[in-house]
Amino acid sequence: MALDAQRILARCAELAAHSEQPDGLTRVFLSPEQRAVNALVLEWMRAAGMEAALDAIGNCVGRYESAPPGASALMLGSHLDTVRDAGRYDGMLGVVTAIECVAALALRRQRLPFAIVVVGFGDEEGVRFGSTLLGSRAIAGTFDLALLDRPGRDGVPLREALQSFGLDPTRVATAAFAPREVAAYVELHIEQGPVLEAEGLPVGVVTAINGGYRFNVNVTGMAGHAGTVPMALRRDALAGAAECIGAVESVAGNALDVVGTVGRIEALPGAMNVIPGRVRFSLDLRAPTDAQRAAALADMRTRFEAIARRRGLALALEPVWEASTAQCDARLQAQLAAAVAAEGIGVRHLPSGAGHDGMALIAIAPIGMLFVRCTGGISHHPDEAVTVEDVDAGAHVLLRFIEAFEATSAAP
Ligand code: HGY
Ligand code: MN
Ligand code: MN
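Quick summary incoming for the structure in this document. Here the residue numbering is sequential within each chain, running from 1 through the sequence in written order. Each chain gets a letter, beginning with A, and each ligand a number, beginning with 1, in the order they are written. Local features in this predicted model are restricted to residues of pLDDT 70 or higher, and side-chain atom pairs are both shown and tallied only at a pLDDT of 80 or more, whereas totals for entire chains, interfaces and linings draw on every residue. Side-chain numbers come from the whole structure's heavy atoms, not from hydrogens or water.

What follows deals with helix α7 (residues 237-253). Relative to the 24 Å expected for 17 residues at 1.5 Å per residue, α7 spans 24 Å between its end C-alpha atoms, a close match to the ideal helical length. Within the sequence span of α7, burial applies to Ala237, Gly240, Ala241, Cys244, Ala247, Val248, Val251 and Ala252. Down the axis, α7 shows its buried residues gathered within 115° of arc, on one side only. The exposed set on the far side of α7, more than 90 degrees from its buried face, consists of Glu249 and Gly253. Throughout, a residue-residue contact means that at least one pair of heavy atoms, one from each residue, lies within 4.5 Å. Elements are defined by DSSP. Helices are runs of H or I of four residues or more, strands are runs of E of two residues or more, and each kind is numbered from the N terminus. Packed against the buried residues of α7 are β7 (211-220), β9 (259-261), β12 (278-287), α8 (290-311) and β13 (314-323). For the purposes of these results, a polar contact is taken to be a pair of N or O atoms within 3.5 Å, where, inside protein, one atom must be able to donate a hydrogen and its partner to accept one; residues adjacent in sequence count only when each atom of the pair is a side-chain atom. Between a side-chain oxygen at the N-terminus of α7 and the backbone nitrogen of Leu238 the separation is 2.9 Å; the capping residue is Asp236. The span you would expect from a helix comes to 1.5 Å times its residue count less one. Only protein chains enter the accessibility calculation, which uses a 1.4 Å probe; a residue whose area is less than 20% of its type maximum is buried, one above 50% is exposed, and one in between is partly exposed. Each C-beta atom gives one direction from the helix axis, and the arc is the one those directions make.

Following this line, the structure appears as structure tokens:
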């Protein structure tokens, strides 16, 4: 089958070298590092027999034509951007493995009755602009043009960042695929959790991608002199935020499978001898069902408001992003499970607590995901790791799935 797992790992290492930080991996949307990585990925796509180019929002898009030409496509891929201080497989493994599978088909001059489109999405993590899935939403035709005015963490609006990258913000809509063009979207990704390792399995079939909210929570009190304002007279925004963050942990901790995370906090004016008057912290809240997620949010909101009232603070939740739980198509799950079994591997179905581009692509096509075991379930961390044997198993399962793929329904 000419799949080369060592080459997959070497290419992930090559991509990891393009980082904005000298001592670790951070690669954000529309950065010079993304430009370098795009050039490599487009080159690998072409070498694998694909027509490849950047689309209007900076995704790498490669097409391996069907025979006869012009058929709808099985879309594969994952994202090329990373979180801060990231691992080198979250996203990249899926893109490089998909390219490796197409290269194996091309080597055999094998054409299929459907096209294969491989996408390296430019922004899934949302690190620079807060809102996530920007690349896959553009492909799905659900990109919110209002986001073009959203400033990134560096203050540069998305519109300007696209222009500086050499892209025309007025053409973002041209990146969209019509539902009839995409028979299914299937993504290989590291599990980013401990289940496969705990059960001694190299791969697993994903049942659903948990939905999520992202908010900025703005807390406003009264700045003041740290030495003169008595404790009972303070309206300390940071002390109030700290109590709210405790409420995030207790609400999520008491609700089955709900997870709540505060990943970032800013306190102003930020001097040691000034009582913080303003605080902004992030809230990432997820659950297996939309109902569980909404109930947890309502509980958190009630507790935040009670804390704010008691402390004389103003509090506002600023929505940044929301995505519903995305169910993986049952027929795609069955086809992936058949490929796993055909490779002599036990079949394990499991949900994804992490978000993925399939949450956007489900708008135009049925979605499926194949997880690859990662060491200790560690991810979003430099210690993220996979074994060459598991990468080899993932690639062989994916290629077997591709060769046996039967288009299921059209767009849901
Ligand atoms: O946050 C997530 O779940 C994904 O890594 N974007
Ligand atoms: Mn991630
Ligand atoms: Mn990912």
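Below, the discussion takes up the side chain of Gln333. Secondary-structure assignment places Gln333 in helix α9 (residues 330-342). Discounting residues that sit within four places of it in the chain, Gln333 has contacts with Val205, Val206, Thr207, Cys328 and His349.

Here Glu160 lies in helix α5 (residues 158-164). Relative accessible area serves as the criterion here: at 44%, Glu160 is assigned to the partly exposed category.

By themselves, these figures tell us nothing about what the structure is for.
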